[in-house]
Structure formats: C-alpha cells, structure tokens
Amino acid sequence: MKDGFGRTIEYLRISVTDACNLRCRYCMPEEGPSGCNCKMNLSADEIVEIASAASRLGMKKLRITGGEPLVRRDIVELTRRLGEIPGVEDMSMTTNGTLLKSLARELYDAGIHRINISLDTLDDEKYRSMTRTGKLADALSGIEAAIEVGMSPVKLNCVLIGGFNSDEVESLARLTQKMPVDVRFIELMPIGDTAHFGADAYLPGSFVTDRLPELVPAEAEGKSVARLYRLPGALGRVGIISPLSNHFCSECNRLRLTADGCIKPCLHSAEEISVRGLHGKALEDAIAEAALHKPKMHVELSATERSKSKRSMNRIGG
C-alpha cells in the first residue's frame, strides 16, 4: 500500500487501550485519561478484524501499544490472535514494563519476541515523581524478565527532558554496556499534556552525542527511526530519535489505530478516519484512504510550536 508521496505503508501501531496504571507527566493527566470513555475501547474481535484488513492491504508489521497494553485482561490471547493473521511478519509491543514480570513468558509464547520498555530515569524518587504512581523496581523487574525469556532486542525508551533526566544520559546509556539492551533517547514532543514543560525541557538529540563523545555509529537492521550508536564494548546500542530537530517523515511507513477505532495518518495531525463498525471492502477502503491522507511531513515542532493532534499520547499509542 502506497501513500500519496510514494512511501510504502506497511506498519500499523495498534493502541489496545487508553488506560494505564501510571500517570506520566508528559503523557496523561493526573486524574487519568481525559476526553475518552475507556469502556468504548475496541473489542478483541474488532481489533483483529481491522488488523486483518490492514494486512490484506500490505501491512506486515504490528506494534501493540496503549495506554498500557498490559492492563488489558485479554492481552495475551489478543496478542496471539494478532500474530496469527496471515501476512504479519513482525509483531512487537511497547509497555512501561511494570506489569511485565508475570506476563513475559506468556507474551513471548504468544509472539512478542521484541519489546520496547519505557525507562526515563534510574532514580527511584524521580521515577515516582514523573509517573506519579510507579515504582522503578517494577520496571527494572520487567526488563529483567523480558531478557530472561529471550526477547530481543529489548529497547528502553527514554524521553529526554532537560532539568529532569539530562544529568542521567551517561548512566542510562551505559546500561548498554551492562545488559543486552538498546537505550533510545527520544526528544520530548510538544503534544497533549506537555504544555506545563518549559522551553528548557526540549533538548535536541545532539545533547546525547555531546555528552557521550565516545559513541560510534552503528548499523540498523532494516528501517529504523533512530540514529544508532554504540559505546566501546557494549552489548547493545544507543539510539537517538529526533522528531523535532531532525524529523524522519520522508521514511515514515506507519499508520496508527486508536483504542476507540480511528486511524491516524500522522501522529501530529488532527485528522482521523473512523473505521469502527466497518467491514470487508468498506474497511479496507477506509484504511487505504487514511494512507493517502498522510502528509508529506508533520508540522514544525518546538517548545512554542505544538502538535496539531487533538489527543494526548496515552490516547494515540505513540
């Protein structure tokens, strides 16, 4: 499936819930999901039907996201069903990891062999403050469980925030020398609930390379939105994802399915196409239409130029 600019669209990110057990300050209001009714999340049957239609159009890669996907009670069975869709060649998940310890083996057996886990700090108190409710030990246990069951690569997503974790870049990156993980620093995006962050919070990805001059470029396997590097003797890699300072729109190959049944052609656009309740050709046509509505690039993003998305990150799936 092609978009209007000739890009091959083959990657669907599926948000299976708006709900989350954490309340990260850059993602969700303290009181929980706003502007949505989480009881209206798509059923497992609806998600599988939409993903199957996308696969028939050429979608080969699925990523299960949220909210926090592991709060969904049927997540293991849903994952297994998605992995059995003909044409799906790759399936992965993004999670905060705090509920992963008890589910890692079941998820691996259901088809999750690659996983991204959020980890913005290695400081207990800072983790509690940023997540409002979380315990760092739970996330670290989830990371260990993912490694133990054989998930690979295990990618640790770190949102780079000036004044919060900018003093931890070195210690976070050096996890790649101790563990078989990739640590990916992601520029803070001005979307949803980030309005309270000041301009100093928006650090460019180059902040990481400046702090770690010993990094050397590393090759990626297949397409990657991250620029990859490696520390001397490291087991894993350091990635930099820079939607603000060095966007990767020309290589974007994805659509996003929200938990309430809308396709977002672009993360930072207000446009959404509802596919809930559609079936067969009508469903396929709507997905193809969403691909054709992908813009050439997203709007300019900065501390003062905000995303046009009408949703917070927990309602998009990243």
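As the structure is a computational prediction, the values presented were derived from the model and not from experiment.

Draft legend 1. Structural detail: the pairing of strand S3 (residues 90-95). Of all six residues in S3, five are buried, a share of seventy percent or more. Judged from the four bridges that link them, strand S2 (residues 61-65) and S3 form a sheet pairing that is parallel. By the bridge assignment for S3, isoleucine 64 is matched with methionine 93. Crossover connection from S2 via helix H2 (residues 75-83) to parallel S3: handedness right-handed. Each parallel crossover has a hand, and for S3 linked through helix H3 (residues 104-110) to strand S4 (residues 114-118) it is right-handed.

Draft legend 2. Just the nonpolar core, in detail. Ranked by size, the top nonpolar core spans 91 residues in total, and within it Leu82 and Phe185 carry the most contacts. Ranked by residue count, the leading element in this core is helix H1 (residues 44-56), at seven residues.

Draft legend 3. Region of the structure containing H1. With 13 residues, H1 should reach 18 Å at 1.5 Å per residue; the first-to-last C-alpha distance of 18 Å fits that figure. Every buried residue of H1 is accounted for by Ala44, Ile47, Val48, Ile50, Ala51, Ser52, Ala53, Ala54 and Ser55. Next to the buried residues of H1 lie strand S1 (11-15), S2, H2, strand S10 (254-257) and helix H9 (280-292). Trailing H1 by a residue or two, glycine 58 shows a phi angle of about 115 degrees, which is positive.

Draft legend 4. Broad picture of the pattern of salt bridges. Per the counting criterion, the structure on display carries 19 salt bridges. The salt bridge involving glutamate 284 is made with arginine 56; its shortest N-O contact spans 2.6 Å. Separated by 228 residues along the polypeptide, glutamate 284 in helix H9 and arginine 56 in helix H1 bring together distant segments of the chain. You can call arginine 56 exposed: its relative accessible area is 53%. It is possible to trace a salt-bridge network through shared partners that takes in Asp260, Lys264, Glu272, Arg311 and Arg315.

Calculation notes
Residues numbered from 1 in each chain as written. Predicted model: local features only at pLDDT ≥ 70, side-chain atom pairs only at ≥ 80, totals over all residues. Heavy atoms only, no water. Buried < 20%, exposed > 50% of the residue type's maximum accessible area, 1.4 Å probe, protein only. Helix = DSSP H or I, 4+ residues; strand = E, 2+ residues; numbered from the N terminus. Pairing = 2+ DSSP bridges. Right-handed = clockwise from strand over helix to strand, strands pointing away. Core = buried A, V, L, I, M, F, W, Y, C linked by side-chain atoms within 4.5 Å. Expected span 1.5 Å × (residues − 1). Contact = heavy atoms within 4.5 Å. Salt bridge = Lys/Arg side-chain N within 4 Å of Asp/Glu carboxyl O.

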